[in-house]
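# Descriptive analysis of the structure
Listed here are the chains, written in short residue letters.
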Amino acid sequence: KAGVTQTPRYLIKTRGQQVTLSCSPISGHRSVSWYQQTPGQGLQFLFEYFSETQRNKGNFPGRFSGRQFSNSRSEMNVSTLELGDSALYLCASSFPSGGSGETQYFGPGTRLLVL
Amino acid sequence: GENVEQHPSTLSVQEGDSAVIKCTYSDSASNYFPWYKQELGKGPQLIIDIRSNVGEKKDQRIAVTLNKTAKHFSLHITETQPEDSAVYFCAAKGSARQLTFGSGTQLTVLP
């Protein structure tokens, strides 16, 4: 069974631009969570989607948004990029419902560099 | 919200020795505790997890113990090998229904 895939793997943007990252979960998984990983703040939860609905949200500004499609694929968008948004963005999927205790499997991440 | 503290931040062991990484959590409602291994340039890989109704779980050379009273859990790796070298993260899921991660431990296994 194929793992979680994320595209693109690497991205360079300039301040003020916006970016969209994509995540395809493991087949049959219905929950997708997004995380930001930086050397200073570590792994931080952004949001979780289940059945096309945002079920949970971390403490990030409104510039960070996401959505999930009917096939469980998910995208996250960051608008008005800042230098501090440079990070590894990780997507994780879980089965069957993403509820408490469900195992999350991570993708390889998208490395975003903001210049 | 949940706070997870992880120690040590770096750990060096000789090949064949054991390694122990410890984590504490703050939310008494936490009921799920996974451990992830992250190699350079890759996403975190689940290596073992434990739920709050279990005190210990073992999978070959890896074991995790959970003490709910003290709110701490530990990862034990026996007979370490060079390929065990990586960053290890603990995490906890509590009342906020989201994974909160520890700050990571860089494990180096010296040949």
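The preceding data block contains the structure.
These remarks concern the structure in this document. (Residues numbered from 1 in each chain as written. Chains lettered and ligands numbered in written order. Predicted model: local features only at pLDDT ≥ 70, side-chain atom pairs only at ≥ 80, totals over all residues. Heavy atoms only, no water.)

Residue T7 of chain A is joined to P8 of chain A through a cis peptide bond whose omega torsion reads -10°. On the secondary structure map, P8 of chain A appears in the loop between β1 (5–7) and β2 (10–13). Geometrically, the link from H7 of chain B to P8 of chain B is a cis peptide bond, its omega value of -5° lying close to zero. Positive phi outside glycine occurs at S72 of chain A, with the angle close to 75°. S72 of chain A sits in the buried class, given a relative accessible area of 12%. (Helix = DSSP H or I, 4+ residues; strand = E, 2+ residues; numbered from the N terminus. Buried < 20%, exposed > 50% of the residue type's maximum accessible area, 1.4 Å probe, protein only.)

Attention now goes to the state of the cysteines. On inspection of all chains with the given rule, the structure shows two disulfides over all chains. Put simply, C23 of chain A and C91 of chain A are joined by a disulfide, and their sulfur atoms are 1.7 Å apart. Disulfide C23 of chain A-C91 of chain A: torsion about the S-S bond near -55°, hence left-handed. With C23 of chain A in strand β3 (residues 19–24) and C91 of chain A in strand β9 (residues 87–94), the pair connects residues that are 68 residues apart, well separated along the chain. Each member of the pair C23 of chain A and C91 of chain A is classed as buried. Shown here is the disulfide that connects C23 of chain B with C90 of chain B, its sulfur atoms set 1.9 Å apart. (Disulfide = S-S within 2.5 Å.)

Here we come to the pairing of strand β2 (residues 10–14) of chain B. Residues and elements named next belong to chain B. Because side chains alternate across β2, one face comprises the buried residues L11 and V13, and the other comprises T10, S12 and Q14, none of which is buried. Of the pairings in the sheet, the one linking β2 to strand β11 (residues 105–110) comprises five bridges and is parallel in character. Paired with T10 across the bridge in β11 is Q106. (Pairing = 2+ DSSP bridges.)

Judged by nonpolar contacts, the single largest core of 24 residues is most densely connected at W35, F73, L75, Y88 and L107 of chain B. If you list the elements that add at least two residues to this core, you get β2, β3 (19–25), β4 (32–38), β5 (45–51), β7 (62–67), β8 (72–77), β9 (86–93) and β11 of chain B. With near-sequence residues (within four places) excluded, Y88 of chain B lies in contact with Q6, I21, Y36, K37, I47, L75, I77, G104, T105 and L107 of chain B. Formed by 21 residues, the second largest nonpolar core is a distinct cluster that contains I26, F64, Y89 and V114 of chain A. (Core = buried A, V, L, I, M, F, W, Y, C linked by side-chain atoms within 4.5 Å. Contact = heavy atoms within 4.5 Å.)

Glancing now at the interface of chain B and chain A. With 18 residues of chain B at the contact, the number on the chain A side is 21 residues. Between chain B and chain A lies a buried interface of about 1600 Å² when both sides are counted; carbon and sulfur atoms form 46% of it. If you look at where chain B meets chain A, you find zero salt bridges. Taken together, chain B and chain A are joined by six residue pairs in polar contact (both at pLDDT 80 or more). (Buried area = accessible area lost by both parts, 1.4 Å probe. Salt bridge = Lys/Arg side-chain N within 4 Å of Asp/Glu carboxyl O. Polar contact = N/O pair within 3.5 Å; in protein donor to acceptor, adjacent residues only side chain to side chain.)

Attention now moves to the side chain of Q37 of chain A. Within the fold, Q37 of chain A resides in strand β4 (residues 31–38). The contacts of Q37 of chain A, once residues within four sequence positions are left out, are G42, L43, A87, L88 and L90 of chain A together with Q38 and F89 of chain B.

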